[in-house]
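These are the residues of each chain, in order.
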Amino acid sequence: MDARVYEKNQRVFQTARTAAVLSGAITAFITFAAFMIAGFGIQETAAWMFALSLMSASALFVIMHIVTTNDLKRKQPTPQT
């Protein structure tokens, strides 16, 4: 595999992964706050935190991976010396 292709794949993966982790963490925090304020028990809150964070993170990972890949394909490759 070409070094340029490998670097591009790594950049795409790392960007998508970072966005997904941040999205999952923010979703977990908001879910925890909302469910605790609403008076739910910790078991229900934890289950919903896990489910919503997982859905949010995985959806954003896929979207960011597609968007970042398409964005890097449109850019002209810079000549390497």
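Quick summary incoming for the structure in this document.

The rules behind the values
Residues numbered from 1 in each chain as written. Predicted model: local features only at pLDDT ≥ 70, side-chain atom pairs only at ≥ 80, totals over all residues. Heavy atoms only, no water. Phe/Tyr/Trp six-rings, centres within 6.5 Å; stacked < 30°, edge-to-face > 60°. Helix = DSSP H or I, 4+ residues; strand = E, 2+ residues; numbered from the N terminus. Buried < 20%, exposed > 50% of the residue type's maximum accessible area, 1.4 Å probe, protein only.

On to the packing of aromatic side chains, then. According to the stated counting rule, one finds 3 aromatic pairs in the structure shown. Residues phenylalanine 13 and phenylalanine 61 carry aromatic rings whose centres are separated by 5.8 Å and whose planes lie at 75 degrees to one another, so their mutual orientation is edge-to-face. Here the residue phenylalanine 13 occupies a position in helix α1 (residues 3–38), and phenylalanine 61 occupies one in helix α2 (residues 42–74), the gap between them amounting to 48 residues. Of the residues examined, phenylalanine 13 reaches a relative accessible area of 35% and is grouped as partly exposed. Note on phenylalanine 61: relative accessible area 25%, which makes it partly exposed. With 5.0 Å between their ring centres and 45 degrees between their planes, phenylalanine 35 and phenylalanine 40 make a pair best called tilted. Judged by its relative accessible area of 16%, phenylalanine 35 is buried. Taking the relative accessible area as the measure of exposure, phenylalanine 40 reaches 44% and is therefore partly exposed.

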